[in-house]
Every structure is written in C-alpha cells, then in structure tokens.
Amino acid sequence: LLAFVFYVWVVEIERRRWDILLAGAAFFLMDVFNELVNSAIFHASDRAPLWTVTGDTSYLILIGWCIEIVFLFLVTGIIFVKQLPPDPRMRIIGIPNRGFLVLAFSIFCVLVEIFLESTGYFHWDYWWWNVPFVPLIVIFGYATFFAIAAYVYDLGSNHRKQLRIVGGMAAIDAALAIGLGLGGWL
C-alpha cells in the first residue's frame, strides 16, 4: 500500500502538478484535523469517539485512524481532483459540478462506512452520528475534505496561496496534535 501511495505522488511530482499535490495534501490534512478532534471527543466525553476502528488492522494510529485509512486518504484527494471537470462553472444535472461531485464522493464514502460499520470493522456510538443521521457524516465527515481539495485545486497556478492554505492547515494540525499529545488525549 505504501508503494502505491508513493507511486501516485511521484507520478504527480514528475508531471509537476503542484495543484494536484497541494489539493491532495489539503484533503489529507483535513482528515488529520478530523481524526485529532475525534480523539479529543473521546477523551472529553469519557464515553466514546464519533467513530472507532474496531476490526483488525496492521497499525492503529488514533482511535478512528489506522494505517490503511491513512494510505487511502493520502491518495483520495488526488483521485478526486484528477476527475474534476476543467471548467469549474460546468453544471451536472443543473448543479455546479464542484458541489455535485463533493456531495457524490462524500455520499459514496459514507456508504462504505455504513458497510464497514455493519460488518464490525468500524463503529459509531452516538445516535446523532449514525444511521439514519448520515447527513451529518456526509457533511462534516467527508464534504469538508473534498471541498477543501477542490478549492485548493481550483487556485490553479497560484501556488503561493495554495501553499499558505496547506501550510496553515499543517500548522493547525501540528498545534492541535502537540496540545492534545501533551494533555494525554492522544
């Protein structure tokens, strides 16, 4: 899996597609933020996180994040932006394509989570973050990831702005990880 991740990233580096790479990084850093918040919810509630990886994994990093998920999310943002239509104004069934595709990809990801939850490899504890209340998961669990990737990608050759956004996200994640880590919440 790691070789696959390297291959995807190296191909885009070789092509000098910094817009795609920075969009992929933004997608991944949004996931890092969500996973850190999920860990904080677990400790603050003294009950449960919003989601938990419960099945076998080769390496559990945080309560809802295993190495397989990390590898998946390191390429998902790249996959997403590579299929975006070149024209951000284009519509799909009358809906702006970015919004349509953010929603479509988010719904697909939540359907995968519903399947994983039903098989015992994933767990949702709270009634409001569970079936049938999946719109919250669609919006806050995934749409933010895809939306930030599309936004960063659509900045095109404005690499300075892309780097500021991605750098800001990385700084927020690092500060949150250090703070939660020092507090014993990771």
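Quick note: structure is the one above.
Residues numbered from 1 in each chain as written. Predicted model: local features only at pLDDT ≥ 70, side-chain atom pairs only at ≥ 80, totals over all residues. Heavy atoms only, no water.

Asker: Honestly, the overall build of the protein chain in this entry has me stumped. Any pointers?
Answerer: Helix and strand counts for the protein chain come out as six helices and six strands. When the helices and strands of the protein chain are read in sequence order from the N terminus, they spell out α-α-β-β-β-α-β-β-α-β-α-α. Computed over the C-alpha atoms, the radius of gyration of the protein chain is 17 Å, within 12% of the 16 Å expected from 2.2 N^0.38 for a compact globule of 186 residues. Counting the 186 residues in the protein chain, one finds 44% classified as buried. Taking the intrachain contacts of the protein chain between residues at least 6 apart in sequence as the baseline, contacts between residues at least 24 apart amount to 63%. Only carbon and sulfur atoms are counted for the fraction: they give 71% of the accessible area of the protein chain, which is about 10000 Å². Counting 11 positive and 14 negative side-chain charges, the protein chain places the centres of these two groups 17 Å from one another. (Helix = DSSP H or I, 4+ residues; strand = E, 2+ residues; numbered from the N terminus. Rg over C-alpha atoms; globule rule 2.2 N^0.38 Å. Buried < 20%, exposed > 50% of the residue type's maximum accessible area, 1.4 Å probe, protein only. Contact = heavy atoms within 4.5 Å. Areas by Shrake-Rupley, 256 points an atom, 1.4 Å probe, with all protein chains shown as cover. Lys, Arg positive; Asp, Glu negative; His and termini not counted. Charge placed at Lys NZ, Arg CZ, Asp CG, Glu CD.)

Asker: Looking at this model, I keep getting lost on a nonpolar patch on the surface. Mind explaining?
Answerer: Among the surface-exposed residues, Trp 127, Trp 128, Phe 133, Leu 136, Ile 139 and Phe 140 lie close enough to one another that they form a single nonpolar patch of about 620 Å² accessible area. What makes Phe 133 partly exposed here is its relative accessible area of 38%. (Patch = residues over 30% accessible without salt bridge, like charges linked within 9 Å, V, L, I, M, F, W, Y side chains within 5 Å. Salt bridge = Lys/Arg side-chain N within 4 Å of Asp/Glu carboxyl O.)

Asker: Sorry, what's going on with the nonpolar core here?
Answerer: Across soluble globular proteins, nonpolar side chains have a tendency to be buried as a group. Grouped together as the largest cluster of nonpolar side chains are 57 residues, with contacts concentrated most on Phe 80, Val 81 and Val 152. For this core, the element with the highest residue contribution is helix 2 (residues 18-45), accounting for 13 residues. Excluding anything up to four places from it in sequence, Phe 80 contacts Leu 101, Val 102, Phe 105, Phe 146, Ala 149 and Ala 150. (Core = buried A, V, L, I, M, F, W, Y, C linked by side-chain atoms within 4.5 Å.)

Asker: Quick question: what am I supposed to make of unusual backbone geometry here?
Answerer: Across residues other than glycine, the phi torsion is negative in most instances, and most of the peptide bonds are trans. Across the junction of Val 131 and Pro 132, the peptide omega takes the value 10°, indicating a cis bond. Structurally, Pro 132 can be placed in the loop between strand 6 (122-124) and helix 5 (134-154). At Asp 46, a position not held by glycine, the phi torsion is positive, near 55°. Looking at the element boundaries, Asp 46 is found in the loop between helix 2 and strand 1 (51-53). The phi angle at Ile 93 is positive, at roughly 45°, despite the residue not being glycine. By relative accessible area, which is 71% here, Ile 93 ends up exposed.

Asker: Hey, could you run me through helix 1 (residues 2-14) in this one?
Answerer: Three or four residues apart is the spacing at which side chains of an α-helix point the same way, because the helix has 3.6 residues per turn. Spanning 13 residues, helix 1 covers 18 Å between terminal C-alpha atoms, matching the ideal 18 Å at 1.5 Å per step. All of the buried residues in helix 1 are Val 5, Val 8, Val 11 and Glu 12. Down the axis of helix 1, the buried set is contained in an arc of 135°. They therefore lie on one face. Turned more than 90 degrees off the buried face of helix 1, the exposed positions are Ala 3, Phe 6, Tyr 7 and Glu 14. (Expected span 1.5 Å × (residues − 1). Arc of directions from axis to C-beta.)

Asker: Explain the pattern of salt bridges to me, please; I cannot follow it from the model alone.
Answerer: Side chains that differ in charge, positive against negative, can pair when their charged atoms come close. Under the criterion given, the structure shown has six salt bridges. The salt bridge involving Asp 125 is made with Arg 47; its shortest N-O contact spans 2.8 Å. Within this pair, whereas Asp 125 is found in the loop between strand 6 and helix 5, its partner Arg 47 is found in the loop between helix 2 and strand 1, the two being separated by 78 residues in sequence. Of the residues examined, Asp 125 reaches a relative accessible area of 29% and is grouped as partly exposed. Of the residues examined, Arg 47 reaches a relative accessible area of 52% and is grouped as exposed.

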